[in-house]
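Fold and contact review
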Amino acid sequence: MIRYALICDSAHEFESWFASSASFEDQTKRGFVTCPVCNSAKIGRAIMAPNVARTDLGPKATGPVAETPAPAAATSAPAPVALMSEKEQAFREMVTALHRHVSENAEHVGKRFADEALKIHHGEAEERAIYGEATPDDARMLHEEGVDFLPLPRLPGSGN
């Protein structure tokens, strides 16, 4: 994960985390990164100092650290951090709603998806809505047979 200091075209500064620099570039191009203050999608990286661990200072102290009182200015609420843009949040909600709709209105056939879809397509099984799992080879075969099907996007948070 990479934390970037970001700035919008209105000079609002904020931070956000990304899986990689390529992920940041992709999400920025697609308009998924927006300013939490003005919602501008014109975002760039701000200058920031790298966080590099020093090895020349020896091991860190393991005892309790004395707390120092925070300066008065630092006691106000922290600035909002854009972890997910409103567009990404809306997209995640739509994917979740799609999964809920499919699970409530179709039969889960698991790993038998390709076989069941083929049987339905050839009239060997009753026509009904089904969902399940298919390998890339299964998907190729179904496509070649002319079976209509759609892959479902993964649920937000699954596989992370």
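Attention in this report is confined to the structure presented alongside it. (Residues numbered from 1 in each chain as written. Predicted model: local features only at pLDDT ≥ 70, side-chain atom pairs only at ≥ 80, totals over all residues. Heavy atoms only, no water.)

Bringing the overall build of the protein chain into the picture now. Across its full length, the protein chain carries 4 helices and 5 strands. Across the protein chain, helices and strands are ordered from the amino to the carboxyl terminus as β-β-α-β-α-β-α-β-α. Every one of the 160 residues in the protein chain was classed for burial, and the buried ones make up 22%. Summarising the internal contacts of the protein chain: among those between residues at least 6 apart in sequence, 51% fall at separations of at least 24. Working note: accessible area of the protein chain is about 12200 Å², and carbon and sulfur atoms make up 54% of it. (Helix = DSSP H or I, 4+ residues; strand = E, 2+ residues; numbered from the N terminus. Buried < 20%, exposed > 50% of the residue type's maximum accessible area, 1.4 Å probe, protein only. Contact = heavy atoms within 4.5 Å. Areas by Shrake-Rupley, 256 points an atom, 1.4 Å probe, with all protein chains shown as cover.)

Looking now at the pairing of strand 2 (residues 13-18). Where burial is concerned, the two faces of strand 2 differ: the one with Phe14, Ser16 and Phe18 is buried and the one with Glu13, Glu15 and Trp17 is not. Relative to strand 2, strand 1 (residues 2-8) runs antiparallel, the two being bridged by 6 bridges. Across the sheet, residue Leu6 finds its bridge partner in strand 2, namely Phe14. Hairpin geometry of strand 1 and strand 2 is characterised by an intervening segment of 4 residues between the two adjacent antiparallel strands and by a positive phi of about 70° at Ala11. (Pairing = 2+ DSSP bridges.)

Another point: the side chain of Ser40. Within the secondary structure, Ser40 sits in the loop between helix 1 (21-29) and strand 3 (43-45). When neighbours within four sequence positions are excluded, Ser40 is seen to be in contact with Cys8, Asp9, Val33, Thr34 and Cys35.

Under the definition given, this model contains 9 salt bridges. Taking the shortest distance from any N to any O, the salt bridge between Glu15 and Arg3 comes out at 3.9 Å. Within this pair, whereas Glu15 is found in strand 2, its partner Arg3 is found in strand 1, the two being separated by 12 residues in sequence. A residue is classified by how much of its surface remains accessible, and Glu15, at 33% relative accessible area, is partly exposed. The partner of Asp26 in a salt bridge is Arg30, with the nearest N and O atoms 3.2 Å apart. (Salt bridge = Lys/Arg side-chain N within 4 Å of Asp/Glu carboxyl O.)

Quick look at the state of the cysteines now. For the structure shown, the criterion picks out 0 disulfides. Just so you know, Cys38 is unpaired, no disulfide at all, and the nearest cysteine sulfur is the one on Cys35, 3.7 Å from it. Cys38 gets classed as partly exposed once you look at its relative accessible area, which sits at 33%. (Disulfide = S-S within 2.5 Å.)

Take the sheet that holds strand 3 next. Spatial ordering of the open sheet is given by 2-1-3, a layout of 3 strands whose pairing is antiparallel. The two strands at the open ends of the sheet, each matched to only one other strand, are strand 2 and strand 3. Neighbour-to-neighbour, the strand axes of this sheet turn through a mean angle of 45°, independent of strand direction. Sheet topology places strand 1 next to strand 3; 3 bridges connect them, and they run antiparallel. Residue pairing across strands places Ile7 opposite Gly44, the latter belonging to strand 3. Against the sheet, helix 1 contacts strand 1, strand 2 and strand 3, and its axis sits at roughly 30° relative to strand 1. (Axes fitted to C-alpha atoms, helices over the stretch in contact; angles between N-to-C directions.)

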